Amino acid sequence: MAVCIAVIAKENYPLYIRSVPTQNELKFHYTVHTSLDVVEEKISAAGKTMADQRELYLGLLYPTEDYKVYGYVTNSKVKFVIVVDSSNTSLRDNEIRSMFRKLHNSFTDVMCNPFYNPGDPVQSKAFDSMVSGMMVQVS
């Protein structure tokens, strides 16, 4: 499962970042921040090749020695980044897609809340518990 999950606003500032273990939080902030360049490259390349953008899943953005970074972008240009431990070889592409779909659906529920101001950090308990369920349980 994931070791870091981030939701990045259209203007490239974090709306939500959660990582396990918390000692590496700064490292994951850096990893998510550096992945935004790759996300922008993939978005601009996809925009040139096809006018119809139905594929929201960007796939593997880049692998590092310890982690694999995956990306997803919504129609409103909100970006989701999931960092997975490289040692987890049993995680398939369709499972990553499923994680992004769950994340997108839960984020849509947050956006539909009449008390949520778009652009504010996500502080929903339901969203947080859904993300917690997707994270690696560290003992």
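The structure under discussion appears in the preceding block.
No experiment lies behind these values; they were computed from the predicted model shown.

(A) Representation of the overall build of the protein chain in the model. Within the protein chain one finds three helices and five strands. The secondary structure elements of the protein chain, listed N-terminal to C-terminal, are β-β-α-β-β-β-α-α. Its C-alpha radius of gyration of 14 Å places the protein chain within 12% of the 14 Å reference for a compact globule of 139 residues. The principal-axis extent of the C-alpha atoms belonging to the protein chain is close to 45 × 35 × 25 Å. Within the protein chain, contacts between residues separated by at least 24 positions form 54% of all contacts whose residues are at least 6 apart in sequence. If you sum the accessible surface of the protein chain, you get close to 8000 Å²; carbon and sulfur atoms cover 52% of it. Looking at charge distribution, the protein chain has the averaged site of its 14 positive side-chain charges lying 5 Å from that of its 15 negative ones.

(B) Summary view of the pattern of salt bridges. Summed over the entire model, instances satisfying the criterion amount to four salt bridges. Note that D128 is salt-bridged to R18, the shortest N-O span being 3.2 Å. Placement of the pair is D128 in helix 3 (residues 125-134) and R18 in strand 2 (residues 14-19), with a sequence separation of 110 residues. D66 is the salt-bridge partner of K27, the closest N and O atoms lying 3.6 Å from each other. Residue K27 is located in helix 1 (residues 25-49), and its partner D66 is located in the loop between strand 3 (57-63) and strand 4 (67-73); the two are separated by 39 residues in the primary sequence. For K27, a relative accessible area of 39% gives the class partly exposed.

(C) Just the packing of aromatic side chains, in detail. Taken as a whole and assessed by the stated rule, the structure comprises seven aromatic pairs. Following the ring pairs from residue to residue traces out a cluster consisting of Y16, Y57, Y72, F80, F100, F107 and F127.

(D) Quick look at the environment of S35. Relative to the assigned elements, S35 resides in helix 1. Linking S35 and E11, residues 24 residues apart in sequence, is a C-alpha distance of 14 Å. Other than its neighbours up to four places away in sequence, S35 contacts L61, Y62, V69 and V81. A distance of 2.6 Å separates a polar atom in the side chain of S35 from the backbone oxygen of V32.

(E) The nonpolar core, seen in detail. Counting residues in hydrophobic clusters, the biggest one holds 29 residues, and the most contacted among them are F100 and F127. Looking at this core, the elements with two or more residues in it are strand 1 (2-8), strand 2, strand 4, strand 5 (79-85), helix 2 (93-112) and helix 3. The element best represented in this core is helix 2, accounting for six residues. Residues contacting F100, with those up to four places away along its chain left out, are Y57, Y70, G71, Y72, F80, V81 and I82. I17, L36, V39 and L58 belong to the second-largest nonpolar core, a separate cluster that totals 19 residues.

So, how was this worked out
- Residues numbered from 1 in each chain as written.
- Predicted model: local features only at pLDDT ≥ 70, side-chain atom pairs only at ≥ 80, totals over all residues.
- Heavy atoms only, no water.
- Helix = DSSP H or I, 4+ residues; strand = E, 2+ residues; numbered from the N terminus.
- Rg over C-alpha atoms; globule rule 2.2 N^0.38 Å.
- Contact = heavy atoms within 4.5 Å.
- Areas by Shrake-Rupley, 256 points an atom, 1.4 Å probe, with all protein chains shown as cover.
- Lys, Arg positive; Asp, Glu negative; His and termini not counted.
- Charge placed at Lys NZ, Arg CZ, Asp CG, Glu CD.
- Salt bridge = Lys/Arg side-chain N within 4 Å of Asp/Glu carboxyl O.
- Buried < 20%, exposed > 50% of the residue type's maximum accessible area, 1.4 Å probe, protein only.
- Phe/Tyr/Trp six-rings, centres within 6.5 Å; stacked < 30°, edge-to-face > 60°.
- Polar contact = N/O pair within 3.5 Å; in protein donor to acceptor, adjacent residues only side chain to side chain.
- Core = buried A, V, L, I, M, F, W, Y, C linked by side-chain atoms within 4.5 Å.

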